[in-house]
Amino acid sequence: MAYQASHPVVLRDDPRASHDALLGLVAVLLGLAVGVLVFVAVWMGDSAHTAQQQATAAANRAAAAAAARPADTTVETPSFAGAAPANADALAAAHKAYPAELPALTPGPVVSVDLAMSHDVVQIAPGIKYDAWTFNGTAPGPIVHARLGQTVRVTLTNHAPMPHSVDFHAARIAPNVAFRDVDPGKSFTFSFKATAPGVFMYHCGTKPILMHIANGMYGAIVVDPPAGTLPPANEQYVLVASEWYLGSNGLKQPAALDMTKAHEMQPDWVTWNGYASQYVKHPLTAMPGDTVRFWVVDAGPSLNTDFHIVGTLLNRAWLNADMSQYERDVQTALVPAGGGGVFDVKIDQPGLYPVVSHSFAAVDEGQVGLLNVGNVKGTMSH
Ligand SMILES: [Cu+2]
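Keep in mind that what you see is a predicted model, and the values were worked out from it rather than measured.

Student: Even after reading the chapter, I still don't get the coordination of the copper ion, so can you show me in this structure?
Tutor: Each protein donor to the copper ion is listed here as H164 (ND1), C204 (SG), H212 (ND1) and M217 (SD); together their distances run 2.0 to 2.7 Å. Mapped onto the polypeptide sequence, the residues donating to the copper ion form the spacing pattern H-x39-C-x7-H-x4-M. Taken as a pair, H164 in the loop between β4 (151–158) and β5 (167–168) and H212 in helix α5 (residues 209–214) lie far apart in primary sequence, 48 residues in all. Considered together, H164 and H212 belong to a single accessibility category, that of buried residues.

Laid out in structure tokens, this is it:
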């Protein structure tokens with residue numbers, strides 16, 4: 001894989017730099033004051049000993065004053081979690097939710113996937129703008145759906161001002177060839193055969209990969225096992241979990257990535273399909289007694305998802321998207337960063353069932369949606 005020569009650096013105000021400069025200035029001024037004291041003492045005929053005592057006393061007072069100052073409480077990476085404009089509720093209602101429905105299969109031996117890579121401002125929560133890097137203009141990129149044995153032909157076109165690439169976890173292929181960087185203005189096509197069923201992540205693999213994934217370059221590919229081998233499902237939804245690390249609140253100007261927060265794994269927002277809580281306002285739907293299948297990918301870049309649906313159990317859990325076997329009646333299933341899982345629920349009682357990561361910090365940061373069973377009215381009180 002070609003390494004990128006240079007990367008944009010997110011410039012951050014460094015409060016310590018100005019703090020240090022101020023300390024330096026105080027030190028110089030103190031030094032001057034001491035010098036003047038010494039000069040005046042000598043000039044007045046006082047002994048050098050007295051001047052020294054006075055200078056020492058002045059220095060001691062300065063040190064005591066410095067020690068008495070409150071500790072430096074400047075936060076280098078403030079959290080912007082939960083930032084919201086006054087009309088957030090109206091914006092959430094007007095937001096067009098990312099379509100979570102599993103798209104139809106493509107007939108024939110080849111599934112063609114066109115991925116245009118570009119830099120776009122996206123919304124990641126009501127009123128929160130983010131300078132994203134995307135596949136086809138959205139984060140996550142398009143959901144790809146293939147059948148085991150089909151050939152997936154991927155065409156990348158780079159409209160961005162820097163190299164990007166794509167890494168499909170569903171592929172068995174030499175990554176130095178297929179996942180290579182594509183320069184700005186260039187196109188590149190590669191193909192792989194879908195040799196394992198499940199749900200898999202795809203993402204930009206250009207270094208630093210943390211930066212490219214955190215900025216929005218990821219998506220999901222579902223590979224169906226042979227027809228008739230899975231229990232039938234009435235509804236099928238694809239959910240991609242991801243974290244967002246913001247350098248500003250994103251209210252007026254789009255926020256850019258804060259790499260320090262990304263390294264510290266301290267997100268501001270965690271989302272299903274790229275937008276905080278979008279399926280609370282625009283719930284996923286099912287009817288009582290339906291089998292609902294969730295194809296879940298955790299795009300990270302770094303945090304796992306603890307998949308859980310409040311008010312039910314996962315009737316079937318194909319953990320790690322191993323479609324050869326499933327566990328029954330699972331309460332919470334781990335979907336690791338860079339991994340996937342497939343989960344069936346069958347809910348008989350009408351109601352609103354929250355779909356969450358049971359790592360509840362993530363819920364507070366937006367990783368929650370609702371499954372509305374039976375078209376009930378209202379919303380969750382919690
Ligand atoms: Cu990239």
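Having seen it, we continue.
Student: I keep staring at the pattern of salt bridges and nothing clicks. Help me out?
Tutor: One side chain can pair with another of opposite charge once the charged atoms of both are near each other. Taken as a whole and judged by the stated rule, the model has six salt bridges. Across the pair K281 and D89 runs a salt bridge, and its minimum N-O distance is 2.9 Å. Residue K281 is located in helix α7 (residues 278–281), and its partner D89 is located in helix α3 (residues 88–94); the two are separated by 192 residues in the primary sequence. Ionic contacts of the salt-bridge type, sharing partners, join the residues R293, R316 and D344 into one network.

Student: Honestly, unusual backbone geometry in this entry has me stumped. Any pointers?
Tutor: Excluding glycine, residues mostly carry a negative phi; peptide bonds, for their part, are mostly trans. With an omega of 5°, the peptide bond running from A139 to P140 counts as cis. Within the element layout of this structure, P140 appears in the loop between β2 (128–135) and β3 (144–147). Looking along the chain, the bond that leaves G300 and enters P301 is cis, with omega of 20°. Relative to the assigned elements, P301 resides in the loop between β12 (291–300) and β13 (305–309). Notably, M265 is not glycine yet its phi reads approximately 55°, a positive angle. Mapping M265 onto the fold places it in the loop between α6 (259–264) and β10 (269–272).

Student: Please clarify how the confidence of the model for the chain should be interpreted in this entry.
Tutor: Close inspection of predicted coordinates is inappropriate for parts of the model with low pLDDT. Mean pLDDT for the chain: 87, with 80% of residues reaching 70 or above. Segment residues 1–19 is flagged for pLDDT under 50; beyond a separation of four residues in sequence, or across chains, it makes 29 contacts in the model. Note that pLDDT drops below 50 for residues 21–48; the model gives that stretch nine contacts with residues more than four away or on any other chain.

Student: What exactly am I supposed to notice about the sheet that holds β3 here?
Tutor: Strands belonging to one sheet form pairs held by backbone hydrogen bonds; the direction of such a pair is parallel or antiparallel. Spatially, β3-β8-β7-β5 is the arrangement adopted by the four strands of the open sheet, whose pairing is mixed. Whereas interior strands pair on both sides, the edge strands pair on one side only; in this sheet they are β3 and β5. As judged from the six bridges shared by strand β7 (residues 198–203) and strand β8 (residues 218–224), these two strands associate in the antiparallel manner. Looking at the pairing, F200 lines up with I221 of β8.

Student: Would you explain the environment of D89 in this entry?
Tutor: On the accessibility criterion, D89 (52% relative accessible area) is exposed. In this structure the C-alpha to C-alpha distance between D89 and K281, which are 192 residues apart in sequence, comes to 8.9 Å.

Student: How should I be thinking about the layout of surface pockets in this particular structure?
Tutor: Here the idea is plain: a probe the size of a water molecule rolls over the atoms and shows the empty space left. Roughly 330 Å³ of internal volume is contained in the largest pocket. As for the largest pocket, its lining consists of 19 residues, of which A92, P126, W269, A276 and S277 are closest to the centre. Contributions of two or more residues to the lining of the largest pocket are made by α3, α7 and α8 (360–364). For the lining of the largest pocket, the leading source of residues is α3, giving three residues.

Student: How should the packing of aromatic side chains be read in this particular structure?
Tutor: Ring pairs (aromatic) are described by centroid distance and by the angle formed between their planes. Within this structure, the stated rule accounts for 11 aromatic pairs. Consider the rings of F168 and Y202, whose centres lie 4.9 Å apart with planes at 25°: the pair is stacked. Of the two residues, F168 sits in strand β5 while Y202 sits in strand β7, which places them 34 residues apart along the sequence. The exposure classification of F168 matches that of Y202, with both residues buried. For the ring pair F307 and F343, a centre distance of 4.9 Å and an interplane angle of 15° mean the geometry is stacked.

Student: Please clarify how the nonpolar core should be interpreted in this entry.
Tutor: It is characteristic of soluble globular proteins that their nonpolar side chains tend to be buried jointly. The biggest cluster of nonpolar side chains holds 94 residues, and the ones touching the most others in it are V154, F168, L239, F294, F307 and L371. Looking at this core element by element, the count peaks at seven residues for strand β1 (residues 110–125). With sequence-adjacent residues up to four places away left out, L239 is seen in contact with A100, W272, N273, Y279, L284, F294, W295, V296, V297, F307 and V355.

Student: Would you take a moment to explain the pairing of strand β17 (residues 340–346) for this structure?
Tutor: The two faces of a sheet get side chains in turn, since along a regular strand they alternate between them. Across the seven residues of β17, six count as buried, placing the element largely inside the fold. The sheet contact formed by β12 and β17 spans seven bridges and is antiparallel. Residue pairing across strands places R293 opposite D344, the latter belonging to β17. Of the pairings in the sheet, the one linking strand β14 (residues 314–318) to β17 comprises three bridges and is antiparallel in character. Opposite A317, over in β17, you have F343 as the bridge partner.

Student: What am I meant to see in the side chain of S242 here?
Tutor: Within the secondary structure, S242 sits in strand β9 (residues 235–244). S242 gets classed as buried once you look at its relative accessible area, which sits at 1%. Polar side-chain contacts of S242 include one of 2.7 Å to the side chain of Y218. Beyond its immediate sequence surroundings of up to four residues, S242 is in contact with Y218, W269, V270, T271, A299 and G300.

Thresholds applied
Residues numbered from 1 in each chain as written. Predicted model: local features only at pLDDT ≥ 70, side-chain atom pairs only at ≥ 80, totals over all residues. Heavy atoms only, no water. Donors = N, O, S within 2.8 Å, 3.2 Å for Na, K, Ca; no water. Helix = DSSP H or I, 4+ residues; strand = E, 2+ residues; numbered from the N terminus. Buried < 20%, exposed > 50% of the residue type's maximum accessible area, 1.4 Å probe, protein only. Salt bridge = Lys/Arg side-chain N within 4 Å of Asp/Glu carboxyl O. pLDDT = per-residue confidence, 0-100. Contact = heavy atoms within 4.5 Å. Pairing = 2+ DSSP bridges. 1 Å grid on protein atoms, 1.4 Å probe; cavity = no way out; pocket = protein on both sides within 12 Å on 5 of 7 lines; lining within 4 Å. Points joined across faces, edges and corners; volume = space filled by probe spheres on them. Phe/Tyr/Trp six-rings, centres within 6.5 Å; stacked < 30°, edge-to-face > 60°. Core = buried A, V, L, I, M, F, W, Y, C linked by side-chain atoms within 4.5 Å. Polar contact = N/O pair within 3.5 Å; in protein donor to acceptor, adjacent residues only side chain to side chain.

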